[in-house]
Each structure stands twice: as structure tokens, then as C-alpha cells.
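Spelled out, the chains give:
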Amino acid sequence: MKARDNFIHGDWMASRHAAIRRINLYDSRVREAIRALRQRFDVDVLNAGLWQEIKFHYMGLLYGHRQPELAETFYNSVFVGLFERNYYNNDFIFVRPSVSTERLDSDDPVYHSFYPLREGWRATLLKILREADVGLPFSDLRADLRRITTDIRKHTSLPRKLARHFQIQMLRQPFYRNRTAYLVGQIINGPDRLPFILRIRRNTNATAYVERLVCERDEVASMFTSARAYFLVDTEVPSAHIRFLLGFLPEKTAADLYTQIGFHKQGKAEFYRRFPRSPATLIRSD
């Protein structure tokens, strides 16, 4: 993943350019698909029966797909680009999702679980840092552990009474934005879920260090807002990451979070699907 490589090498200008290319990549791929279809087939006039059949066969390809929601949105963008209309119905495009992403996951779960009550806090935090795949060694793990434990003590939002099966769940893949890598996790304490995010920075000698722990809900919610640059994360199953993030960001929507991890078109699709409308029509939203 380019974001990880840029973090490893401290190439912050390349990181900025990668974010810009990511924004433009979707539209360029849609235009590429539209050109290919127009070159190979007669698509000047909408053949209703043909496109209903095309959509039906496309749906068959989505079963077993790890990113069906993205594939549906891409299909919609291509179709809308081919046929200029004000409204489309569910016979031609995916007004409603055809495949549930509720239980989709990668071959390995997207997160690891850690149990401080069983292994001890120091051993747990050390394990989290050692398993973090930021691509750089930590320069001073002892100092990092002291910094995290100090932050844990001062954060009043963190629970003082721990449930029997208290655990910390950490996403396997770091998030990257600007000059920072983020280890994104959540605390599970009985029915409560709280954010647990470690900000990782790069030293000039190509080592990493923990800048701080972020676990205040308001600050974490601010991190995932449209006013900020979006995160770059290597994810095989985006919907699994969205479910994880919604666990400790209930005030956010799937639309918000898809946008914040770089899938802006999917964020737009999710946004439009939230509005009640006739099941037969959807206002064009490409």
C-alpha cells in the first residue's frame, strides 16, 4: 500500500499526491468503462429488456464478492454515464442493495482482540504495538508504554470498573493521514464501546513512536469529519471496517465513514439511500 510506503520513507509530498490520485481514480475508471462499452457495443439507446438482464447477471457476480456495495455503486455510475436521464428505477440500477454486507469479513478477521485482565496491561499494550504493521520499528517501547498508561489514567471517559470479559479490539490495518499513522481500536466493557486510538508518528531516523492515545468521543468524532482529509487504509472488506467504526461512533452514519476512509462515491450512495423515496425511482446521484 502506497500510504504505508510513504509513511515508512517519510515522503509526505507523495502522501499528499496519493490522496489526490485516490479521489480521481474512481471517476477515471468509470470513464474508462464507459468508453470501452461505447466502443464495443451499441449503447446509444436504452434497451430496457437487455439492461434488466445485464443487471440480473451482474447480481450473480456479487455473491462471494468482498466489496459488493462498491461494485453496485460502480455499476450505477457507469449506467448513469451511458444514459442521460433524470430518474432511474430499480430494474436498471441498484436503488437498493442486492447483497447484504452485514456479515462480510476477510479470511482473517479485520481486528485482533486483547485481554488486559488476563495478560496484564503492560503486556497487552506491548503486544498491540508489536503487532502493529506500520512498517517501522518503535524507537523506545518503554517510553511509549509510559505515555499510553499516563493517557489512560488521565482520561476520565475510560471505565474504572472493568467487566469480566473486558477487551480491547484493534483493527489489523493502520489508518494513514498526512504524517500520522493511526492504530484504530475500541474498548469493549460489557455493553459499552469506547474508542481507543493510538497516534503514531515517524522519527527522522526512520523509527516510530506513540504520540498519544485518543479516546475522548468528541475528539474521535472530530477526527472522522468531512472537514478533515480522509484516511487511507488497505481494506479487503470495507463494510467490515465500517461496522467496526460504527461500534464506537454511533453518531456517525455509514455515509460519513465510507467517505472518511476514501470511498467518497460510496459515501454519496449511502447518503442518498437514507432518504425515504418511492421504491421505483431514484434521483440521479452520480
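Residues numbered from 1 in each chain as written. Predicted model: local features only at pLDDT ≥ 70, side-chain atom pairs only at ≥ 80, totals over all residues. Heavy atoms only, no water.

Student: Explanation requested: the overall build of the protein chain in the structure shown.
Tutor: Secondary structure assignment for the protein chain yields 11 helices and 8 strands. Summarising its shape, the C-alpha atoms of the protein chain cover approximately 65 × 40 × 35 Å along the three principal directions. Of all 286 residues assigned to the protein chain, the portion counted as buried reaches 44%. The long-range share in the protein chain, meaning contacts at least 24 apart out of those at least 6 apart in sequence, stands at 66%. Surface exposure of the protein chain reaches about 15,500 Å², of which carbon and sulfur atoms provide 50%. (Helix = DSSP H or I, 4+ residues; strand = E, 2+ residues; numbered from the N terminus. Buried < 20%, exposed > 50% of the residue type's maximum accessible area, 1.4 Å probe, protein only. Contact = heavy atoms within 4.5 Å. Areas by Shrake-Rupley, 256 points an atom, 1.4 Å probe, with all protein chains shown as cover.)

Student: How do you make sense of the environment of Arg172 when you look at a structure like this?
Tutor: Relative to the assigned elements, Arg172 resides in the loop between β3 (167-171) and β4 (175-177). Each C-alpha atom, one on Arg172 and one on Val214, is 18 Å from the other, the two residues being 42 residues apart in sequence. Ignoring anything within four residues of it in the chain, the contact list for Arg172 reads Asp108, Pro109, Val110, Tyr111 and His112. In this structure the side chain of Arg172 is engaged in a polar contact, spanning 2.7 Å, whose partner is the side chain of His112. (Polar contact = N/O pair within 3.5 Å; in protein donor to acceptor, adjacent residues only side chain to side chain.)

Student: Help me understand a positive patch on the surface in this model?
Tutor: Together, Arg122, Arg130, Arg142 and Arg146 line one region of the surface with positive charge. Mapped by element, the contributors of at least two residues to the positive patch are α6 (121-131) and α7 (141-154). Along the chain, Arg142 falls in helix α7. (Patch = residues over 30% accessible without salt bridge, like charges linked within 9 Å, V, L, I, M, F, W, Y side chains within 5 Å. Salt bridge = Lys/Arg side-chain N within 4 Å of Asp/Glu carboxyl O. Lys, Arg positive; Asp, Glu negative; His and termini not counted. Charge placed at Lys NZ, Arg CZ, Asp CG, Glu CD.)

Student: In this structure, what is going on with the packing of helix α4 (residues 68-82) against helix α11 (residues 264-273)? I would like to understand it.
Tutor: When two helices pack together, their arrangement is given by the angle between the helix axes and the distance between those axes. For the pair α4 and α11, the least separation of the axes is 10 Å and the interaxial angle reads 85°. Viewed along their axes, α4 and α11 adopt a mutual orientation that is roughly perpendicular. From α4, Glu69, Leu70, Glu72, Thr73 and Asn76 reach across to α11, where they touch Lys265, Gln266, Ala269 and Arg273. Looking at the contact of α4 with α11 residue by residue, the classes come out as 2 nonpolar, 3 polar and 4 charged. (Axes fitted to C-alpha atoms, helices over the stretch in contact; angles between N-to-C directions. Parallel < 35°, antiparallel > 145°, perpendicular 65-115°, else oblique. Nonpolar A, V, L, I, M, F, W, Y, C, P; charged D, E, K, R; others polar.)

Student: Looking at this model, I keep getting lost on α11. Mind explaining?
Tutor: Two residues of an α-helix separated by three or four positions point the same way, owing to the 3.6 residues in each turn. Where α11 is concerned, the buried positions are Lys265, Gln266, Gly267, Ala269 and Glu270. On its buried face, α11 is in contact with α2 (12-40), α4 and α10 (254-260).

Student: Any chance you could explain the pattern of salt bridges here in plain terms?
Tutor: When the charged atoms of two side chains with opposite charge come close together, those side chains can pair. Scanning the model with the defined rule gives 10 salt bridges in all. With a shortest N-O distance of 3.1 Å, Arg66 and Glu236 are connected by a salt bridge. Here the residue Arg66 occupies a position in the loop between α3 (48-62) and α4, and Glu236 occupies one in the loop between α8 (217-223) and α9 (238-248), the gap between them amounting to 170 residues. Judged by its relative accessible area of 41%, Glu236 falls in the partly exposed class.

Student: Would you explain the nonpolar core in this entry?
Tutor: Soluble globular proteins tend to bury their nonpolar side chains together. Within the largest apolar cluster, 34 residues are counted, with the highest numbers of intra-cluster contacts made by Phe7, Leu129, Leu183, Phe196, Leu198 and Ile200. For this core, the secondary structure elements donating two or more residues are α1 (2-9), α6, α7, β3, β5 (180-189), β6 (192-202) and β7 (208-214). When near neighbours in sequence (up to four residues on either side) are disregarded, Phe7 contacts Trp12, Val134, Leu136, Tyr176, Arg179, Thr180, Ala181, Ile200, Arg201 and Arg202. Of all hydrophobic cores here, the second largest spans 26 residues; its members include Val110, Leu171, Phe244 and Leu249. (Core = buried A, V, L, I, M, F, W, Y, C linked by side-chain atoms within 4.5 Å.)

Student: Quick question: what am I supposed to make of the packing of aromatic side chains here?
Tutor: Aromatic ring pairs are reported here in terms of the distance separating the ring centres and the angle at which the planes meet. Overall, the coordinates contain 17 aromatic pairs when judged by the stated rule. Taking the centre distance of 6.2 Å and the plane angle of 65° together, the rings of Phe7 and Trp12 count as edge-to-face. For Phe7, a relative accessible area of 2% corresponds to the buried category. Put simply, the rings of Trp51, Phe79, Phe83 and Phe92 touch in pairs and so form one group of aromatic residues. One Lys or Arg, Arg118, reaches over the ring of Tyr115 and ends 4.3 Å from the middle of that ring. Seen from the ring of Phe231, Arg177 lies directly overhead, with NZ or CZ sitting 4.0 Å from the centre. (Phe/Tyr/Trp six-rings, centres within 6.5 Å; stacked < 30°, edge-to-face > 60°. Lys NZ or Arg CZ within 6 Å of the ring centre and 35° of its normal.)

Student: So what exactly am I meant to see when it comes to unusual backbone geometry here?
Tutor: Leave glycine aside and you will find that most residues have negative phi; peptide bonds, for their part, are mostly trans. With phi around 55°, Asn178 is a residue other than glycine that occupies positive phi space. Mapped onto the secondary structure, Asn178 falls in the loop between β4 and β5. Despite not being glycine, Ala206 shows a phi value in the positive range, around 60°. Note on placement: Ala206 falls in the loop between β6 and β7. Note on Ala206: relative accessible area 29%, which makes it partly exposed.

Student: For this particular structure, what's the right way to read the pairing of β7?
Tutor: Each regular strand displays side chains that alternate between the two surfaces of the sheet. Two strands pair when backbone bridges link them, and β6 and β7 are joined in this way by 6 bridges, in the antiparallel orientation. Following the sheet pairing, Arg199 is matched in β7 by Arg212. The hairpin turn running from β6 into β7, its antiparallel successor, is 5 residues long, and Ala206 in that turn takes a positive phi close to 60°. (Pairing = 2+ DSSP bridges.)

All we've got here are geometric facts, nothing functional implied.
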